[in-house]
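Structural description and commentary
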Amino acid sequence: MTPTAFDAFADIYDNDFTHTPLGQMLRARVWAHLADHFQAGQHILELTCGTGEDARWLGQRGVFVTATDGSAEMVQVAQAKMAQAGLTEWVTVQPLTLQDIKPTRFAPPQFDGAFSNFGGLNTIGDWRPLGQTLAQLIKPNGTLILVPMGPLCPWEVAWYGLHGQFKLALRRWQQPAAAHIGAATIPIWYPSARRLQQDLVPYFRHVSTHSLGLWLPPSYLGHLVTRWPKLFVRLNQFERRTAAYTASWGDHYVSIFVRSK
Ligand SMILES: C[S@@+](CC[C@H](N)C(=O)[O-])C[C@H]1O[C@@H](n2cnc3c(N)ncnc32)[C@H](O)[C@@H]1O
């Protein structure tokens, strides 16, 4: 299964991404959306939770989270994080792939909302079965927040293009592209916002889409943000103000849906 490729990164993921200036900027932008839609006392399903950084943040705000991930090592790191934060009453973490998410796996069966952050959704190429399953798991009017990597990343095209690595510059237009995750090579799909919307209709109504990482670079260029923090703080502010206009352009995008009645 694809997610086992992520096992090797479980112990280093937070240092390499979460705690970096770029990681903190990007995650704070996603948290602003989570805060707008998920309230204390609600029960939220998280897909592809990784090391549980978002689940912890929600749990600290009184939101109950059932967090899932397909990588056993990521799940272990997330479980340890919740225990250390004293959040095990609010957050449970389960090993579960996107492909294995089924309504019968959960009690109670219905959630107030669901989300997946930072590219976990890119390891599948058809989002219709997931949409159908989530439709049974999320209450009417519940919010679904998805943060996939998108097909239009100007930073990536420019960076690899300038370095003469044209195959990498254009990799997002192959479906699937081959991604090297440590020693493993796995298929990755880059859905357009339109494709995601098509796959989620008729169960979910699209509300809005916001760029994430259009003026900010992809995570593998995070060292640029560390080197020139003031410049990228300004670019982040600009990107935040304009993200609704640039929609799905960027390394990632945030698409928000509501479960139709
Ligand atoms: C880039 S990490 C993002 C982790 C976390 N959402 C975050 O915001 O830091 C991608 C995560 O998706 C998980 N993942 C990838 N494909 C998956 C699949 N098919 N089913 C379940 N988890 C998957 C990986 O194990 C990894 O933890």
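Residues numbered from 1 in each chain as written. Predicted model: local features only at pLDDT ≥ 70, side-chain atom pairs only at ≥ 80, totals over all residues. Heavy atoms only, no water.

Thoughts on unusual backbone geometry
- Between Gln-175 and Pro-176 the backbone carries a cis peptide bond, its omega angle lying at 5 degrees.
- Residue Pro-202 is bonded to the preceding Val-201 through a cis peptide linkage, with omega at 15 degrees.
- Note on placement: Pro-202 falls in the loop between helix H8 (193-200) and strand S8 (204-212).
- For Asn-141, which is not a glycine, the phi torsion comes out positive at approximately 75 degrees. (Helix = DSSP H or I, 4+ residues; strand = E, 2+ residues; numbered from the N terminus.)

Topic: the packing of aromatic side chains
- Under the criterion given, the structure shown has nine aromatic pairs.
- Between the aromatic rings of Phe-106 and Phe-111, the centroid separation amounts to 5.4 Å while the plane-to-plane angle is 80 degrees, which identifies the pairing as edge-to-face. Of the two residues, Phe-106 and Phe-111, neither departs from the other in class, the shared state being buried. (Phe/Tyr/Trp six-rings, centres within 6.5 Å; stacked < 30°, edge-to-face > 60°. Buried < 20%, exposed > 50% of the residue type's maximum accessible area, 1.4 Å probe, protein only.)

Some thoughts on the site of the ligand
- Taken together, 20 residues lie around the ligand, and Tyr-13, Arg-27, Thr-48, Asp-69 and Thr-123 are the ones closest in.
- Between the ligand and Thr-48 there is a distance of 2.6 Å, counted from a nitrogen atom to a backbone nitrogen or oxygen.
- Thr-123 is positioned with one of its side-chain polar atoms (N or O) 2.7 Å from a nitrogen atom of the ligand.
- Coverage of the ligand by the protein chains reaches 95% of its 590 Å² of free accessible surface.
- Comparing atom positions with the cavity grids shows the ligand to sit within the largest pocket.
- The residue makeup of the shell around the ligand, split by class, is eight nonpolar, nine polar and three charged. (Near = heavy atom within 4 Å. Polar contact = N/O pair within 3.5 Å; in protein donor to acceptor, adjacent residues only side chain to side chain. Areas by Shrake-Rupley, 256 points an atom, 1.4 Å probe, with all protein chains shown as cover. 1 Å grid on protein atoms, 1.4 Å probe; cavity = no way out; pocket = protein on both sides within 12 Å on 5 of 7 lines; lining within 4 Å. Sits in = over half its atoms within 2 Å of the grid points. Nonpolar A, V, L, I, M, F, W, Y, C, P; charged D, E, K, R; others polar.)

Here's the deal with helix H2 (residues 21-37)
- Its 17 residues place the ends of H2 25 Å apart at the C-alpha level, agreeing with the 24 Å of an ideal helix rising 1.5 Å per residue.
- Turning to H2, its buried residues are Leu-22, Gly-23, Met-25, Leu-26, Arg-27, Arg-29, Val-30, Trp-31, His-33 and Leu-34. (Expected span 1.5 Å × (residues − 1).)

A word on the nonpolar core
- Core analysis: the biggest nonpolar cluster contains 33 residues, and Leu-34, Leu-58 and Val-93 have the highest contact counts within it.
- Breaking this core down by element, the ones donating at least two residues are H2, helix H3 (53-60), strand S2 (64-69), helix H4 (72-84), strand S3 (91-95), helix H9 (222-227) and strand S9 (252-259).
- Considering every element that reaches this core, the biggest residue donor is H2, with six residues.
- Leu-34 has contacts with Asp-54, Trp-57, Leu-58, Phe-115 and Ile-145, leaving out every residue within four places of it along the chain.
- With 24 residues, the next largest nonpolar core counts Leu-45, Leu-200, Phe-204 and Tyr-253 among its residues. (Core = buried A, V, L, I, M, F, W, Y, C linked by side-chain atoms within 4.5 Å. Contact = heavy atoms within 4.5 Å.)

A look at the sheet that holds S2
- With mixed pairing, the seven strands of this open sheet are ordered in space as S3-S2-S1-S4-S5-S9-S8. Sheet topology places S3 and S8 at the edges, where each strand pairs with a single neighbour. Put simply, the sheet's adjacent strands are angled 15 degrees from each other on average, direction ignored.
- Bridge analysis of strand S1 (residues 43-47) against strand S4 (residues 111-116) gives four bridges, and the strand direction is parallel. By the bridge assignment, Leu-47 is partnered in S4 with Ser-116.
- In the packing of H2 onto the sheet, the strands contacted are S4, strand S5 (138-146), S8 and S9, and the crossing angle to S8 comes to about 155 degrees. (Pairing = 2+ DSSP bridges. Axes fitted to C-alpha atoms, helices over the stretch in contact; angles between N-to-C directions.)

So, helix H10 (residues 229-246)
- Largest kink in H10: about 45 degrees, centred on Arg-240.
- Restricting attention to buried positions, one finds in H10 the residues Phe-232, Asn-236, Glu-239, Thr-242 and Ala-243.
- If you follow the buried residues of H10, they end up packed against H2, helix H6 (154-162), S8 and H9.
- A positive backbone phi angle near 45 degrees is found at Ala-247, which sits one or two residues after H10. (Bend = angle between axes of the 7 residues up to and from the residue.)

Focus: the environment of Val-225
- Within the secondary structure, Val-225 sits in helix H9.
- As for Val-225 and Pro-21, which are separated by 204 residues in sequence, their C-alpha atoms are 6.7 Å apart.
- Those residues within four positions of Val-225 in sequence are excluded, and the remaining contacts are Pro-21, Leu-22, Met-25, Pro-217 and Phe-232.

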